[in-house]
Amino acid sequence: MSTISCFLWNARSLNNKVDLVTELLHDNQVDIAFITETWLSDESNVTTFAIKEAGYEIEHAYRGKRGGGAAILWKKTHNVKCNFKRKCYDTFQYTHILLEGTVKITLICLYRLQETPVSQFMEDLNELLSHYTSKSDTIILVGDFNFHFENSELRDVKDLADLTSSHGLSQFVVGPSHKLGHTLDLVFANIHEFDLPVIHPLDLNISDHFPIFFSLPCFNRSIKTTVDKFQCRNIKSIDRVEFSQNLCNSLNSKFQCTDIVNLDFNDHYKIFTDCASEQLDKVAPLKTISFKSCSQPEWMDSEYRLERALRRRLERTWKASRLNEDKVKFLEQQKKCSKLVTDKRTQ
């Protein structure tokens, strides 16, 4: 079974990181992204325009004040339902989409407001999960829960684990997702429906929260088949000498039965093109080729691809050596790639 590539990250403002985010999504071929702390305040702005320009749709719960916000981004090729009415909760912000297919999956992205009472959050989350459990075949719940989930002895962590478990959900992220060593960003799914491996956050040194990459199974019809077609001929298979002789014979035959005295240039041109097409159809008939369309943003040109390839090589070198000097080289190239995206988008 094919998979859907997913991405979870607390961005601490998409406004100043939108180029970095779109670069990460394209470089890692991400299908669906879950972003918390977007800090977006309205629906129509340059940030959402840049996301859509990069080939993604966005469903968002906007913040009421500084901080907060939750968004789901997905490639336009995916079969998604969105724009559902949502009940507002005081303890968290969330948004959700329905990924359609033979199995309908509700994807929920949540950001817990840590200044609110934990007990109220548990009640609100239980109500949310109870509602969506009855609306779809299964649920994927992700986001920044602002609990130190690495410490299973904490009362709040136990309560969250018990609550999600009562809805058939297990947590798959292992290891710190924050620079202070805490596991705050979590992925919940039904272990019997999704054979997910342990998910490790990846420290790319781009924020205090670490990006999390994981995959979901791709059920039938969850991806729209976007197909383009074009017609072509297999010109290389033509014997040029034979084709030239046949074309001459065809033209001679045509002109012998035509009063060429009264023909103008356009008439001669039409006779030639008709004969040429007739002979081409015999030796290299038109064939219709279908291919899956793949829209790429304009900034992803050959220059960017070369710089990205270098960045990937430096990243592999650093991960293999773990030397600080290799890390510095990788981060410098990463900044160069991000700046290149910004410069190309503003041209």
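Everything below is about the structure shown above.
Report follows, based on the coordinates. Note that the structure is predicted; figures quoted are calculated from it, not measured.

Rules behind the numbers
- Residues numbered from 1 in each chain as written.
- Predicted model: local features only at pLDDT ≥ 70, side-chain atom pairs only at ≥ 80, totals over all residues.
- Heavy atoms only, no water.
- Helix = DSSP H or I, 4+ residues; strand = E, 2+ residues; numbered from the N terminus.
- Rg over C-alpha atoms; globule rule 2.2 N^0.38 Å.
- Buried < 20%, exposed > 50% of the residue type's maximum accessible area, 1.4 Å probe, protein only.
- Areas by Shrake-Rupley, 256 points an atom, 1.4 Å probe, with all protein chains shown as cover.
- Lys, Arg positive; Asp, Glu negative; His and termini not counted.
- Charge placed at Lys NZ, Arg CZ, Asp CG, Glu CD.
- Pairing = 2+ DSSP bridges.
- Contact = heavy atoms within 4.5 Å.
- Axes fitted to C-alpha atoms, helices over the stretch in contact; angles between N-to-C directions.

**Some points on the overall build of the protein**
Along the protein, the regular secondary structure elements total eight helices and 13 strands. What you see for the protein is a C-alpha radius of gyration of 28 Å, clearly larger than the 20 Å of a compact globule of 347 residues, by over 25%. Here the C-alpha coordinates of the protein stretch approximately 100 × 50 × 35 Å along the principal axes. Taking all 347 residues of the protein together, 47% fall into the buried category. Accessible surface, the protein: about 18,900 Å² in total, of which carbon and sulfur atoms supply 50%. Taking the 44 positively charged and 46 negatively charged side chains of the protein as two groups, their mean positions are separated by 2 Å.

**Here's the deal with the sheet that holds strand β5 (residues 80-81)**
A sheet is described by the order of its strands in space; here six strands give the open sequence β5-β6-β7-β8-β10-β9, paired in mixed fashion. Each having just a single partner strand, β5 and β9 (170-171) make up the two edges of the open sheet. Note: strand β7 (residues 105-112) against strand β8 (residues 138-144), seven bridges, orientation parallel. The residue bridging leucine 107 from the neighbouring strand is isoleucine 140, located in β8. Seen against the sheet, helix α3 (residues 118-133) touches β6 (92-99), β7 and β8 and runs at an angle of roughly 165 degrees to β7.

**Some points on the pairing of strand β10 (residues 185-189)**
Most of β10 is tucked away, with five of its five residues classed as buried. By the alternation rule, side chains of β10 split into Asp185, Val187 and Ala189 and Leu186 and Phe188, which are all buried. Where β8 and β10 come together, four bridges link them in antiparallel fashion. Within β10, the residue paired with glycine 143 across the bridge is leucine 186.

**Focus on the sheet that holds strand β1 (residues 3-10)**
Strand order in the open sheet formed by five strands is β3-β4-β2-β1-β11, with mixed pairing between adjacent strands. Two strands in the sheet have a free side with no partner beyond their single neighbour: β3 (56-61) and β11 (212-217). Across the sheet, the mean angle separating the axes of adjacent strands is 20 degrees when strand polarity is ignored. In the packing of helix α1 (residues 18-27) onto the sheet, the strands contacted are β1, β2 (32-36), β3 and β4 (70-75), and the crossing angle to β1 comes to about 155 degrees. Sitting on the sheet, helix α2 (residues 46-53) is in contact with β3 and β4, with an inclination near 145 degrees to β3.

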